[in-house]
Amino acid sequence: MTATIIDGKTIGQNLRARIAEETAALSQQHGIVPGLAVVLVGTDPASEVYVRTKSKAVTDAGMRSFDHKLPKETSQAELLALVQKLNADPTVHGILVQLPLPSQIDSSVILNAIDPGKDVDGFHPMNAGRLATGLPALVPCTPFGCVLLAKTVHTSLAGMDAVVIGRSNIVGKPLAQLLLGENATVTVAHSKTRNLPEVCRRADLLFAAVGRPEMVRGDWIRPGATVIDVGINRVPGEGGKTRLVGDVAFEEARAVAGAITPVPGGVGPMTIACVILNTLRAACARAGLPEPKIS
Ligand code: GUN
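Here's a quick rundown of the structure. This is a predicted model, so every value here is computed, not measured. (Residues numbered from 1 in each chain as written. Predicted model: local features only at pLDDT ≥ 70, side-chain atom pairs only at ≥ 80, totals over all residues. Heavy atoms only, no water.)

## Points about the pairing of strand E2 (residues 35-41)
- Judged by how many residues are buried, E2 sits mostly within the fold: seven of seven residues are covered.
- Side chains Gly35, Ala37, Val39 and Val41 project from E2 onto one buried face, and the interleaved Leu36, Val38 and Leu40 project onto a second face that is buried too.
- Pairing geometry for E2 and strand E3 (residues 64-70), over seven bridges, is parallel. By the bridge assignment, glycine 35 is partnered in E3 with arginine 64.
- What joins E2 to E3 is helix H2 (residues 45-60), and the crossover it makes is right-handed.
- One ladder, built from four bridges, connects E2 with strand E4 (residues 94-97); its direction is parallel. If you follow alanine 37 over to E4, its bridge partner there is isoleucine 95. (Buried < 20%, exposed > 50% of the residue type's maximum accessible area, 1.4 Å probe, protein only. Helix = DSSP H or I, 4+ residues; strand = E, 2+ residues; numbered from the N terminus. Pairing = 2+ DSSP bridges. Right-handed = clockwise from strand over helix to strand, strands pointing away.)

## Points about the sheet that holds strand E7 (residues 205-208)
- An order of E1-E11-E8-E7-E5-E6 is seen for the six strands of this open sheet, with the pairing classed as parallel. In this open sheet, the two strands that pair with only one neighbour each are strand E1 (4-5) and strand E6 (185-189).
- Looking at chain direction, E1 and strand E11 (residues 259-260) are connected through two bridges and run parallel. Looking at E11, one finds that threonine 4 is bridged to alanine 259.
- Here helix H6 (residues 141-153) sits on the sheet in contact with E7, strand E8 (226-229) and E11, set at roughly 155 degrees to E8. (Contact = heavy atoms within 4.5 Å. Axes fitted to C-alpha atoms, helices over the stretch in contact; angles between N-to-C directions.)

## With respect to the nonpolar core
- Grouped together as the largest cluster of nonpolar side chains are 52 residues, with contacts concentrated most on Ile19, Leu179 and Phe207.
- Only helix H1 (8-30), E2, H2, H6, strand E5 (161-165), helix H7 (172-181), E7 and helix H10 (267-286) provide two or more residues apiece to this core.
- Once residues lying within four places of it in the same chain are set aside, the contact partners of leucine 179 are Val147, Leu157, Ala162, Val164, Ala184, Val186 and Phe207.
- In this structure, Ala189, Ala203, Val227 and Ala253 belong to the second largest nonpolar core, which totals 20 residues. (Core = buried A, V, L, I, M, F, W, Y, C linked by side-chain atoms within 4.5 Å.)

Note that every value here comes from positions in space, so none of it alone points to a role or purpose.
Printed below as a string of structure tokens:
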């Protein structure tokens, strides 16, 4: 069997087009233009690329983008003051502080200071708690995108065996909560899990979010399973160049799986689409309007 490739780029573009339509309707009918503030401290090249991509997606959707680039020496107090200013700004509906932050800043202090209603990353403990208890919440964008991709393959995830490899606060834990919300049977595996290949072979849905290049091998995958690869790892390629690979050995896996996301072009574009979806959701909630009907 050769797996169907889950084309996150096209699925993400279609999602962004639907968000742009809803955004246009919101501004025509209610005079509200959603705004996202993206804060970058320092000059990490990967973070600069993410921030540029997010800002472009925001303006492409017809939203306002407010970029704040601060020097790497910025103090915690200075960043906190900016967050408080953005919390109070009615034109800003979403706030995203790009991680990682420089070592003089405690990221949990900053993330906890963001107004939970503007927390488009879904990292505030209030949103994490609301997600865990099944209340409406802003949910982290990468796991949100992973579930949307899985639902392009399966109309319902109810009763499916889902295995999530990785237990980070950004991906693994919120992904497990979202899958529970979809009525999947969820196992969260991590670095201390015994017999990981065997655990993975139980999965109808396998999500890899460990940050280890090509760790998941073909023989870890149940034939016909859906594989969602969250990893983005830069490894040495041919001719002294580098290339991007996921956490899954793609060629081996596609020979066994039923459907699989590529890297790049799988989860990454969905994360960006979900940032703007969360900005739209935050703007609607702030105005007391119902959830946009998009996904
Ligand atoms: N750095 C890497 N991934 C993320 C993310 O999803 N959100 C933020 N704010 N920073 C990140």
